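# Close look at the chain arrangement
Okay, here's what each chain looks like letter by letter:
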Amino acid sequence: MPEDPLQPPLAHAPGLEDLHAGLHDVLRLIEIEHALLRGRLESLKADSEGARLLEGVMVLGAVLQQRMAGLLHTCREIGKL
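Values in this document were obtained by computation on a predicted structure and should not be read as measured data.

## Some details on the nonpolar core
- Ranked by size, the top nonpolar core spans 7 residues in total: Leu16, Leu23, Leu27, Ile30, Met68, Leu72 and Cys75.
- For this core, the leading source of residues is helix H1 (residues 16–42), giving 4 residues.
- Residue contacts for Met68: discarding those within four places in its chain leaves Leu23, Val26, Leu27 and Ile30.
- Core analysis: the next-biggest nonpolar cluster, separate from the first, contains 5 residues, Leu37, Leu41, Ala51 and Leu54 among them.

This is how it looks when you write it as structure tokens:
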């Protein structure tokens, strides 16, 4: 869809930069959580139920990181950030 020259660029859309910054903050918190969980996993027995559960939570965290990175990329493209 071609851009309308009479419309302001999307980079100036209200809240887009705030959305980008907020997504970046959430991604950083997920990374910190992942690092803490990895440290906790090392202290658990590898074959324990707790270790398997923690591994599942870490996989979920990795999926969340990928989705957040995709959303950040979309914000950058839309807003030309």
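Resuming the write-up.
## With respect to the environment of Ser48
- Tracing the sequence through the fold places Ser48 in the loop between H1 and helix H2 (49–79).
- Among the polar contacts listed, one links the side chain of Ser48 to the backbone oxygen of Lys45, at a separation of 2.9 Å.
- A polar contact of 3.1 Å, which involves the side chain of Ser48, links it to the backbone nitrogen of Ala51.

## Some details on the packing of H1 against H2
- Viewed as axis vectors pointing N to C, H1 and H2 meet at an angle of 160°, and their least axial separation amounts to 9 Å. Taken together, the axis directions place H1 and H2 in an arrangement best described as roughly antiparallel. Of the two possible hands of crossing, H1 and H2 adopt the one that is left-handed.

Rules of the game
Residues numbered from 1 in each chain as written. Predicted model: local features only at pLDDT ≥ 70, side-chain atom pairs only at ≥ 80, totals over all residues. Heavy atoms only, no water. Core = buried A, V, L, I, M, F, W, Y, C linked by side-chain atoms within 4.5 Å. Buried < 20%, exposed > 50% of the residue type's maximum accessible area, 1.4 Å probe, protein only. Helix = DSSP H or I, 4+ residues; strand = E, 2+ residues; numbered from the N terminus. Contact = heavy atoms within 4.5 Å. Polar contact = N/O pair within 3.5 Å; in protein donor to acceptor, adjacent residues only side chain to side chain. Axes fitted to C-alpha atoms, helices over the stretch in contact; angles between N-to-C directions. Parallel < 35°, antiparallel > 145°, perpendicular 65-115°, else oblique. Left-handed = near helix turned anticlockwise from the far one by under 90°.

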